[in-house]
Every structure is written in C-alpha cells, then in structure tokens.
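Residues per chain, in single letters:
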Amino acid sequence: MIAAGQNRRARLVRTLAVAGTGAAVLALPLLGAASASAATTTSVTAAPAAATTYTNNLDGWIRESLAVMAQHGIPGTYNGIYRNVIRESSGNPAAINLWDSNAKKGIPSKGLLQVIDPTFNAYHVSGTSFNIYDPVANITAACNYAAARYGSIDNVFGAY
C-alpha cells in the first residue's frame, strides 16, 4: 500500500512539473516530501504546447484576451472581465451606445466593453485586431486602459 501511495505522488509531481506551473515545488511539502529540492531529482521534458483554440463566444473571447494580457503583463481576471462585459454590453460585441455623453460628442462607446475610438487606439495591444468591434481586441484594449487607470479591470464596478 505504501508503494501505491508513493507512486501516485510521483505521478502527481511529474504531472505538475510537465504543466510548467511550478506547482510541483509548492505541492511537495503537502505530499510529505522533506523539501522542495526533491523536485530536482526528476527530469521531465514536455512536448511543445499546441496552439490553443478558443470558442467563438463570450467565454472564448475572455479566455483568449486573458492569454494575450498575460503575454503583455496586463492584470485582470475572468470574473472581472465577465462582470464588466455583462454590465456594459450584455455580451454583444456589436453593441454601440448612441445616447450617452460620448455619443453626443460624436465618439460613441462600442463593443463588449464600450470603448471609445480614442481610448481603443491609445490602449490597443499588439497581436490583436485594430477593429474596435473585434471581441478580443476590445476586451484587451479595455483591460489595458483599466489597468493604467484603475490598476485592473477587476477594480472597475461602474462606468469607466
């Protein structure tokens, strides 16, 4: 029975190490290892990661935006983005506000996170579309703006 438990722990450590999360080192004390240095005794080579495919819906757009944001060091969480998208556009990437103060100035808010053109252009993130209605580009630019202005999209609880 001891061998089976040790075998399960070894598989878990290898799996975590392959995932590249560093979680294996963190999990070792929980698994009864004497120290994190035990992770250095196992060498595992992971296969190159395949390109991730995202669904063409709100969930996929948020997840793809989070991946781009991670590459550019832009903070934010799924829940923070989702909460703001639902409040701003109800998840409609073609949403446009033709009645607020921005619209009255001739620069209506557009897309999932209701971004105006000057803000979108100033906070556009490379690797995304230059189309303000593109869901991933809109989310990522809005999160970039929110990070600069509020620290993170997670800190936005109303019109911004």
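The shown structure was predicted, so the numbers you read here are calculated from the model rather than taken from an experiment.

### Focus: the packing of helix H3 (residues 58-72) against helix H4 (residues 78-89)
The axes of two packed helices give the description: the angle between them and the distance between them.
Consideration 1: Where H3 contacts H4, the axes come no closer than 10 Å and their chain directions differ by 130°. One finds that H3 runs oblique with respect to H4. The two elements H3 and H4 cross, and the hand of that crossing is right-handed. Residues Leu58, Asp59, Ile62, Arg63, Leu66 and Met69 of H3 form the contact with H4, whose participating residues are Tyr78, Ile81, Tyr82, Val85 and Ile86.

### Structural notes on helix H7 (residues 135-150)
Consideration 1: With 16 residues, H7 ought to run about 22 Å at 1.5 Å a step, and its terminal C-alpha atoms sit 21 Å apart, in line with that.
Consideration 2: Turning to H7, its buried residues number three or more, namely Pro135, Val136, Ala137, Asn138, Ile139, Thr140, Ala141, Ala142, Cys143, Tyr145 and Ala146.
Consideration 3: Its side-chain oxygen at 3.2 Å from the backbone nitrogen of Val136, Asp134 defines the N-terminal cap of H7.
Consideration 4: Note on H7: the residue one or two positions beyond its end, Gly151, has a positive phi of about 95°.

### Some details on the packing of aromatic side chains
We describe a pair of aromatic rings using the distance from one ring centre to the other and the angle between the two ring planes.
Consideration 1: Counted by the stated rule, this structure contains three aromatic pairs.
Consideration 2: Consider the rings of Tyr78 and Tyr82, whose centres lie 6.3 Å apart with planes at 10°: the pair is stacked. On the criterion of helical spacing, the pair formed by Tyr78 and Tyr82 is a turn pair, its members being four residues apart in helix H4.
Consideration 3: With 5.3 Å between their ring centres and 75° between their planes, Tyr123 and Tyr145 make a pair best called edge-to-face. Of this pair, Tyr123 sits in helix H6 (residues 117-123) while Tyr145 sits in helix H7, and the two are 22 residues apart along the sequence.
Consideration 4: For Tyr145, a relative accessible area of 12% puts it in the buried group.

What counts and how
Every residue gets a number counted from 1 within its own chain, in the order that chain's sequence is written. Owing to the predicted nature of the model, reporting of local features is limited to residues with pLDDT of at least 70; listing and counting of side-chain atom pairs is limited to 80 or more, with chain, interface and lining totals taken over all residues. Calculation of side-chain values draws on the structure's entire complement of heavy atoms; hydrogens and water are dropped beforehand. Every angle, taken between N-to-C directions, lies between 0 and 180 degrees, and every axis is a line fitted to C-alpha atoms, over only the stretch in contact when it is a helix. Strands are runs of DSSP state E lasting at least two residues, helices are runs of H or I lasting at least four, and both sets are numbered from the N terminus onward. Note that the term roughly parallel is reserved for angles under 35 degrees, roughly antiparallel for angles over 145, roughly perpendicular for angles of 65 to 115, and oblique for everything else. Crossing chirality is assigned from the near helix's rotation relative to the far helix, an anticlockwise turn below a right angle marking it left-handed and a clockwise turn marking it right-handed. It only takes one pair of heavy atoms within 4.5 Å for two residues to be counted as in contact. Here the expected span of a helix is defined as 1.5 Å times the quantity of residues minus one. Remark: exposure states derive from per-residue accessible area (1.4 Å probe, protein chains only) relative to the maximum for the residue type, with buried under 20%, exposed over 50%, and partly exposed in between. The definition of a polar contact used here is a pair of N or O atoms within 3.5 Å, where within protein one atom must be able to donate a hydrogen and the other to accept one, and adjacent residues in sequence count solely through side-chain atom pairs. The rule is short: rings of Phe, Tyr and Trp, with Trp giving its six-membered ring, pair when the centres are within 6.5 Å, and they are stacked under 30 degrees, edge-to-face over 60, tilted in between.

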